[in-house]
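# Structural overview for review
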Amino acid sequence: MLSIKNLHADIDGKPILKGVNLEVGTGEVHAIMGPNGSGKSTLANVLAGRDDYEVTRGSVEYRGMDLLDMKPEIRAREGLFLAFQYPVEIPGVTNMYLLKAAINSVRKHRGIEELDAREFLKLIKEKAAMVEMKQEFLYRSVNQGFSGGEKKRNEILQMALLEPHLSVLDETDSGLDIDALKIVAEGVNLLRSEQRSMVLVTHYQRLLDYIVPDYVHVLAGGRIIRSGGKELALELEKKGYGWVEDQAAA
Amino acid sequence: MDNKKLVMSNSEKDLAPMLQRDYAEGFVTDIDSETLPPGLDEDVIRTISEKKNEPEWMLRWRLEAFQRWLKMTPPRWAHLHHPPVDFQGISYYSAPKQKDLLDSLDEVDPKLLETYEKLGIPIDEQKMLAGVKVAVDAVFDSVSVATTFKQTLLDAGVIFFPISEALQEYPELVKQYLGSVVPSSDNFYAALNSAVFSDGSFVYIPKGVRCPMELSTYFRINEMNTGQFERTLIVAEEDSYVSYLEGCTAPMRDENQLHAAVVELVAMKGAEIKYSTVQNWYPGDENGKGGIYNFVTKRGACRGQGAKISWTQVETGSAITWKYPSVLLEGDDTIGEFYSVALTNNYQQADTGTKMIHIGKNSRSTIISKGISAGKGQNAYRGLVKVLKGAENARNYSQCDSLLMGDQCGAHTFPYMEVKNPSAVVEHEATTSRIGEDQLFYCRQRGLSEEDAVSMIVNGFCKEVFKELPMEFAVEAQKLLGISLEGSVG
C-alpha cells in the first residue's frame with residue numbers, strides 16, 4: 001500500500017523529517033507516536049501533499065505510484081485521505097456541497113458515473129447515520145460553528161463517504177473529550193477492513209485504547225526510532241518518550 | 001514567523017490568475033453611427049435635446065443642470081486614484097444610424113440584433129423561452145435601439161419605455177418625478193448626467209399592479225471616445241411590485257471611457273421595487289490599461305408607509321467604480337436593503353457602498369457588502385447610516401466582509417453613522433479574511449481541483465448576496481465570477 005524510503009522534508013529550509021522509513025501493508029493499521037515537534041504532523045501533511053513542505057530526499061510509493069509526483073487532489077482521488085488535526089471552516093459552503101463535489105471528483109477520476117442529487121442524498125444520510133451525525137450538520141457551512149468534537153466527527157463522515165484506500169488521521173484525538181473520542185474511534189473501527197490501511201498519528205496512548213493498531217512506531221527527531229506491536233504503546237505510556245529517545249541515542 | 005508568511009504569500013500569488021477571465025464581451029460592432037464631435041457646451045445640450053424632440057421644459061432643466069455643473073468639481077473623497085477626466089475630450093452623443101421610429105424589430109439594423117445575440121440578450125420576443133419572460137430595453141451608446149414586450153406590459157398598465165420616448169408619450173409623468181430623488185445639484189456627476197443624458201428606461205407601475213414579468217435594461221457602450229449617460233426612472237404606485245435588472249458591457253479599448261448614470265426609484269405606500277445590477281463593463285487589461293470609469297448615482301425614495309426598496313449589485317467590471325445605491329426611508333415602516341458583491345482584480349478600483357437615511361418611524365435597513373480583492377485591486381466599502389430625530393425605533397444591520405487574494409490588493413471599510421434618535425438600533429459588523437492555503441488545501445485533499453476550490457470558497461463568500469438575485473441572473477453572476485453552481489444540494 002505505502003512504502004516510505006529515507007524521506008527527508010523541510011519547512012522554510014529547516015529540516016523536519018530526516019530519513020523516515022515505513023512500510024504499510026494492505027489492511028494494516030499503524031500508529032505513529034512521538035513527542036511534540038517530532039515531525040508527526042509533517043509526515044501526515046507531506047503524504048497528503050501540502051505545499052508548505054519541501055521534500056528534499058527519499059521516495060514514497062503508494063499503490064505502485066510515485067506519490068510525491070502527484071498533486072494533492074490526485075492523491076485524494078486515488079484514495080489517500082487525510083483527517084485533519086484542525087479542520088478548516090468554509091463560510092457559505094454547505095457541508096453537503098463540499099461532500100458532493102468531493103465524491104463526484106473522486107468518482108469522475110475513477111471513471112465511475114457521478115452521483116445525482118437524489119443518489120447523493122441517500123448515500124450521505126446513510127453515512128451520517130453511521131457516524132451518528134445529526135442531519136442538520138449536513139446543511140450547515142463546512143465546520144462553521146462546529147465544536148471540536150463535531151469537526152472531528154465531520155472528518156470521519158468524509159472518510160466514510162469517500163471510502164479511501166489509505167487513511168491518515170492526524171491527531172484525531174486532540175481536543176476531544178472521552179465521549180467524542182469513543183464515537184470517533186467507533187467510526188474509524190467501522191471503516192477498518194482488509195482492503196483499507198490506516199496511519200494514526202497521535203501523541204497519546206489513549207486513542208489506541210479504542211483503535212487497536214497492528215504496529216506502533218515512535219517518531220522522534222525526524223526519524224522512526226523504534227517500531228513494535230501494540231504493546232509498545234503501553235510501554236511508552238508507562239515510561240514516557242524519554243525512554244526510547246535515550247535508547248536510540250545510546 | 002516571517003518566513004512562514006513568505007511561503008504563504010508566494011503560493012497565494014498564484015490565486016489571482018484564477019479570477020482572471022477573458023472578457024468575452026469585448027468586441028466592437030462595426031456600424032455607421034452619428035456621433036457628435038467631442039466637447040461640451042450649451043450647443044451640444046441643445047443639439048441632444050433637439051434630436052430627441054424634447055419639450056421646452058426639458059431643455060431648460062438640462063441647461064440649468066449644466067450651469068450648476070460648471071460650478072462644481074469632481075468629488076475627491078473616494079479611495080480612488082485616476083488621472084483627471086478630460087470632459088472636453090469626450091463625445092456626448094453617439095447613435096447608430098437608423099430610421100427614427102421603428103414599428104418592429106424587423107427594422108432594427110441586423111448588426112445590432114447580432115450584437116445582442118452575441119451578448120446573449122434576448123431582444124426577440126418570439127425567440128424567448130416560455131417561462132423566462134424578461135422584457136428588455138436595449139441601450140446602445142446614447143440611444144435605446146429596441147424595447148421588448150412594450151405592448152404586453154401596457155395591457156397590464158405597466159409603462160416600460162425608453163425615457164426619450166416616455167418624454168414624448170408621458171411628459172407630465174416624467175416631469176413629475178424626474179430629479180425628485182436625485183436633484184441635478186446632488187453631485188458633480190449627477191449634474192453632468194442631468195445636462196446630457198440621452199436615454200435610459202422609464203418604468204411606471206400603476207396602483208396595485210404586480211408587474212407580470214422581470215424588466216431589464218441592457219447597456220452597451222460601443223463607439224470610441226464617447227461617454228454613456230443614461231437615466232433610469234422607476235415609479236411604483238401604491239401596493240405595486242416590480243423587479244428590474246440592468247446589465248452592462250463594453251468593448252476592450254486602451255482608452256478609459258466614462259459612464260455616468262443616474263437612477264431614481266420612487267416607491268409609494270406598500271410598493272416594492274427590487275433593483276438588481278450585474279455590472280460587467282470592460283475592466284481594463286491586466287496592466288491597468290483601458291476600462292470604464294463607472295461614476296453612478298443611484299437612489300430610491302420610500303415615499304409611503306411600508307414601502308420597500310432593495311438594491312442588489314454584482315460589480316465585476318469597470319476600471320473604477322464609484323457608486324452608492326441609497327434609500328431614503330421617508331415613510332413609516334419602510335424597508336431599505338443593499339446587497340453587494342464587488343470584485344476588483346488587476347488594477348481595478350472600487351469605492352462603493354450605500355446610504356440608508358432613516359426618516360420614518362420603525363424604518364429598517366439591511367446592508368450586506370462583500371468585497372473581493374485580487375491582484376492589485378483596491379476595494380473600499382463606504383456606507384452611511386443616518387437616523388433622523390423623528391425616526392423612532394429605526395433599525396439598521398450592516399455587515400461588510402472583505403476577502404483578499406494575494407498580498408498586493410487592498411480592502412478598506414469606511415462606515416459612517418449618524419444617529420439622532422435614542423431609540424434606534426444600529427449594528428455594524430466587519431470581517432476581513434484571506435483565502436487561506438488552509439482552506440484550499442482542505443478542499444484539494446478532498447479531491448477538488450484548485451480552480452474548483454477557489455470558486456467554491458469565493459462563491460460561499462458571496463452566497464448571501466447571490467440569493468437575492470433573480471434566479472437566471474444569479475446563475476449569470478456566478479458565471480461572471482468564474483464559479484460553478486453552489487447550493488444545488490443543501
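Quick note: structure is the one above.
Residues numbered from 1 in each chain as written. Chains lettered and ligands numbered in written order. Predicted model: local features only at pLDDT ≥ 70, side-chain atom pairs only at ≥ 80, totals over all residues. Heavy atoms only, no water.

Now for the overall build of chain B. Counting secondary structure elements, chain B contains twelve helices and 23 strands. By residue count, 61% of the 490 residues in chain B fall in the buried class. Within chain B, contacts between residues at least 6 apart in sequence are counted, and of these 84% link residues at least 24 apart. Here chain B has roughly 18800 Å² of accessible surface; of this, 49% comes from carbon and sulfur atoms. (Helix = DSSP H or I, 4+ residues; strand = E, 2+ residues; numbered from the N terminus. Buried < 20%, exposed > 50% of the residue type's maximum accessible area, 1.4 Å probe, protein only. Contact = heavy atoms within 4.5 Å. Areas by Shrake-Rupley, 256 points an atom, 1.4 Å probe, with all protein chains shown as cover.)

What follows concerns the packing of aromatic side chains. All told, the structure shown has 20 aromatic pairs over all chains when counted by the stated rule. Between F84 of chain A and Y442 of chain B the ring centres are 4.8 Å apart and the planes differ by 55°, which places this aromatic pair in the tilted class. Pair noted here: F84 of chain A is in the loop between β6 (80-83) and β7 (90-94) and Y442 of chain B is in helix α10 (residues 437-445), and the two residues belong to different chains. There is no split in this pair, since F84 of chain A and Y442 of chain B are both buried. A centroid spacing of 5.1 Å and a plane angle of 15° characterise the contact between Y92 of chain B and F229 of chain B, whose relative ring orientation is stacked. One end of the pair, Y92 of chain B, is in the loop between α4 (56-70) and β2 (94-96); the other, F229 of chain B, is in the loop between β7 (214-220) and β8 (231-236), and 137 residues separate them in sequence. Here a set of aromatic residues connected by ring pairs shows up, and it is made of F66, W69, W77, F87, F188, Y189, Y293, F295, W322 and Y324 of chain B. Taking NZ or CZ as reference, R62 of chain B lies 4.3 Å from the ring centre of F197 of chain B, over its face. (Phe/Tyr/Trp six-rings, centres within 6.5 Å; stacked < 30°, edge-to-face > 60°. Lys NZ or Arg CZ within 6 Å of the ring centre and 35° of its normal.)

Grouped together as the largest cluster of nonpolar side chains are 108 residues, with contacts concentrated most on L2, I4 and I90 of chain A together with I372 of chain B. Looking at this core, the element that brings in the most residues is helix α11 (residues 450-466) of chain B, giving nine residues. Those residues in contact with I90 of chain A, other than ones at most four positions away along the chain, are S141 and V142 of chain A together with Q439, Y442, C443, M456 and I457 of chain B. In terms of nonpolar packing, the next biggest core, distinct from the first, is built from 47 residues, I48, F66, Y93 and F140 of chain B among them. (Core = buried A, V, L, I, M, F, W, Y, C linked by side-chain atoms within 4.5 Å.)

Residue and element names in this part refer to chain A. Running from N to C, helix α4 (residues 117-130) and helix α5 (residues 148-162) cross one another at 130°; their axes reach a closest spacing of 9 Å. In terms of orientation, α4 and α5 fall into the oblique class. In the crossing of α4 with α5, the sense of the turn from one axis to the other is right-handed. Where α4 abuts α5, its residues F120, L123, I124, K127, A128 and M130 lie against L157, A160 and L161. In terms of residue class, the contact of α4 with α5 is built from eight nonpolar, no polar and one charged. (Axes fitted to C-alpha atoms, helices over the stretch in contact; angles between N-to-C directions. Parallel < 35°, antiparallel > 145°, perpendicular 65-115°, else oblique. Left-handed = near helix turned anticlockwise from the far one by under 90°. Nonpolar A, V, L, I, M, F, W, Y, C, P; charged D, E, K, R; others polar.)

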